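Analysis of the macromolecular model
So the chains spell out like this:
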Amino acid sequence: MSATDISPSAAPAVRTGRPWQRDLIGVAVILLAAIGGYVLFPDNLALLTRIIAIMLLVLSLDLVTGYCGVATLGHAALFGAGAYAAGIAAVTFGITEPLSMIGIGAIAGAVAGLVSGVVILRGHGLAQLVLSIAVIHLFHEAANKASTYTGGSDGLSGIAPDPLLGLFAFDLWGRTAYVFGIVLLIAVFVLLRILVRSPFGMLCRGIRQDPVRVSAMGASVKASLIRMYVISGAVAGIGGALNAVSTQVVGLDSLSFTNSAEALVMLVLGGAGSLFGALAGTVVFMWFEHVVSAANPFHWLTIVGALLIAVVLFAPKGLYGTAADLARRFARSKP
Amino acid sequence: MSTVFAVERLKKSFGGLDVTRDVSLSMARGDRLALIGPNGAGKTTFVNLVTGHLQASSGRVLMDGEDISRFSPMRRVRAGLVRSFQVTRLFSEMTPEEHVALAILQREGKSGRMAGNFHAMPQVMREMRGILETLNLGALASVPVGAIAYGQQRLLEIALAMALRPKVLLLDEPAAGVPHSDTFLIENALAQLPGDLAVLMIEHDMDLVFRFAKRVVVLAAGAVIFDGSPRDVTEDARVREAYLGSYAHASSAA
């Protein structure tokens, strides 16, 4: 005990020694931001709820890309599967209880995660990326063709969720949906923090850094990755279902290549391999998009592009990763 | 002599090129065997065949009498056959304590657990600290591996092998890339390996080979040309020829 605790490298030991503190800080920051958003932008709650849904998609993508190192441009398939499953459950099968819809979304997302994981993990590198693009296009086309259930290119409308817990109706201003989204986000965030710290999370980080070493330890790389894909699918599916519940429509755009690619951009912007990075990237990207597109509807994409180039060139670890590095350097130089 | 590991008539050819030709050898518990041979003799190919990273053309690999020739590399590890790598393969962003803890958790079948943390598992922590202290890596326990010296990374490779508690350990040039002055660190680490473990080591550093091995096998052009004690190997005419070619005769004639 004593010999190792007073070693020169005591500083990082503190970091791993008190993980719950960082979880609590994370939850507190999410809560503060949520209250701030509610107070400052009461007319924009629909946008804020949409941001929360996309946050769940980006968190889910972070699990497979940031933690496991799987490159994918097809992750919206998992999000869209959750959205459509929740929507179809409500419209076709009359399951309009919001928690059940979220549950159905999570299960559908997990199944979509299993299917796309099995396909995407057949390849490596470039082949993997191409397979992921194929997957999102196939999902998109399947939803387009099954118009009896999905409404095809018109979208699936008429989703009317019951009041939450039988008490809180989903109102016109989107207050209930917003609070519901925040609660879901915090629950998922806490569970994922536990997951990435667990032995399984450590195994997945190992797989990203050297899969050959992991298999030389006797662990199955493929089985672990597929398992992570299923978990990731459940998270994205919750995000999709939340979107269906809050907007009461599901469109083909939720299963689009653009949605997948934007999620990846948000992750890189915030910093892959960190849950905080995934959250920060989503907020910054979507808020930036909202503000800039209102200010300059003609050239906003140019400005978003310039921001991305700046981040990739000057802060390759993403906004959160770079900020964390700076904070660490500052803390080290102070004493 | 209880045979724990045996290779029977192992063959491998790439097209028309035979790189491993009828290699047979067996090891007992506690064996310390060095596999040497000139460059291109097929030593690393042999390790890759045995661990299943390459499919053999014919021949069998046995662990405790069980044929593991059809096993995947992963199942061979679980059967107790563990290797280290010629070029260090570690997780550069992870710390030595995470490496060793992961190996212990994997051995105990707990690496799939989705909650909890090894810091809160007293048994894992105790064993992990023990292994790191044995190899003098205690002070570096929580430094990312990318930031520690290569020689210490080599020691961590050995630590991982210890944490997996194999029955047979294949070390592919454990001292490769380590300055000659630091080879003793590797040697000390090898001396800490459990006595009943069968160790096969590929090595070019002959000082290390002669101090470590109780038995030497020489591989040349894919075939075993010598299997015996370290004392006899330097006297063997075929070994001299394999290493020195025609110069072996030139010097004996002169």
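On a predicted model such as this, the values are computed, not experimentally measured, just so you know. (Residues numbered from 1 in each chain as written. Chains lettered and ligands numbered in written order. Predicted model: local features only at pLDDT ≥ 70, side-chain atom pairs only at ≥ 80, totals over all residues. Heavy atoms only, no water.)

1. Structural notes on the nonpolar core
To keep it simple, the criterion reads: In this description, a nonpolar core means a group of buried Ala, Val, Leu, Ile, Met, Phe, Trp, Tyr and Cys residues linked to one another through side-chain atoms lying within 4.5 Å. Throughout this description, buried means an accessible area under 20% of the type-specific maximum (1.4 Å probe, protein chains only), exposed means over 50%, and partly exposed covers the range between. To qualify as a helix, a DSSP run of H or I must reach at least 4 residues; to qualify as a strand, a run of E must reach at least 2; elements of each kind are numbered from the N terminus. Contact between two residues is taken to exist if any of their heavy atoms lie within 4.5 Å; hydrogens are not considered.
In terms of nonpolar packing, the biggest core is built from 146 residues, with Leu59 of chain A together with Val100 of chain B touching the most fellow members. Element by element, the count of residues in this core is highest for helix 4 (residues 45-67) of chain A, at 16 residues. When residues no more than four places from it in sequence are discounted, the contact partners of Val100 of chain B are Met128, Ile131, Leu132, Leu156, Ala159, Leu160 and Ala163 of chain B. Core analysis: the second largest hydrophobic core is formed by 26 residues, Val23, Met63, Ile68 and Phe71 of chain B among them.

2. Looking at unusual backbone geometry
Residue and element names in this part refer to chain B. One non-glycine residue, Asp64, lies in positive phi territory at about 50 degrees. With respect to the helices and strands, the residue Asp64 is situated in the loop between strand 4 (58-63) and strand 5 (66-67). Located in the positive-phi region is Asn136, a residue other than glycine, with phi close to 60 degrees. Here Asn136 lies in the loop between helix 4 (122-134) and helix 5 (150-163).

3. So, helix 9 (residues 237-244) of chain B
Quick reminder of the rule: Contacts described as polar in this section are N or O atom pairs within 3.5 Å, which, within protein, must combine one atom able to donate a hydrogen with one able to accept it, while residues neighboring in sequence count only if both atoms come from side chains.
Two or three places before Arg238 of chain B, at the start of helix 9 of chain B, stands the capping residue Asp236 of chain B, its side-chain oxygen 3.0 Å from that residue's backbone nitrogen. Among the residues trailing helix 9 of chain B, Gly245 of chain B stands out with phi positive, at a value near 60 degrees.

4. Overview of the interface of chain A and chain B
Interface size is commonly expressed as the accessible area that is lost once the parts come together. Note the following rule: The term buried area refers to how much accessible surface (probe radius 1.4 Å) is lost by two components on association, counted for both of them together. Salt bridges are defined by distance alone: a side-chain nitrogen of Lys or Arg within 4 Å of a carboxyl oxygen of Asp or Glu. Throughout, the ten residues Ala, Val, Leu, Ile, Met, Phe, Trp, Tyr, Cys and Pro are labelled nonpolar, Asp, Glu, Lys and Arg are labelled charged, and all others, Gly among them, are labelled polar.
The partner chain B presents 38 residues to the 32 residues of chain A that form the contact. Between chain A and chain B the total buried area reaches about 3,100 Å² when both faces are included, carbon and sulfur atoms providing 59% of it. When residues of chain A are sorted by the area they lose upon contact with chain B, Met202, Arg213 and Met217 of chain A head the list and together hold 24% of the total. On the surface where chain A and chain B come into contact, there are four salt bridges. Of the charged contacts in the structure, one is a salt bridge between Glu98 of chain B and Arg205 of chain A, with a shortest N-O distance of 3.1 Å. Joining chain A to chain B, the criterion identifies 14 residue pairs in polar contact (both at pLDDT 80 or more). If one sorts the elements of the side of chain A that touches chain B by residue count, helix 10 (residues 199-209) of chain A sits on top with eight residues. Residue composition of the side of chain A that touches chain B, grouped by class: 15 nonpolar, ten polar and seven charged.

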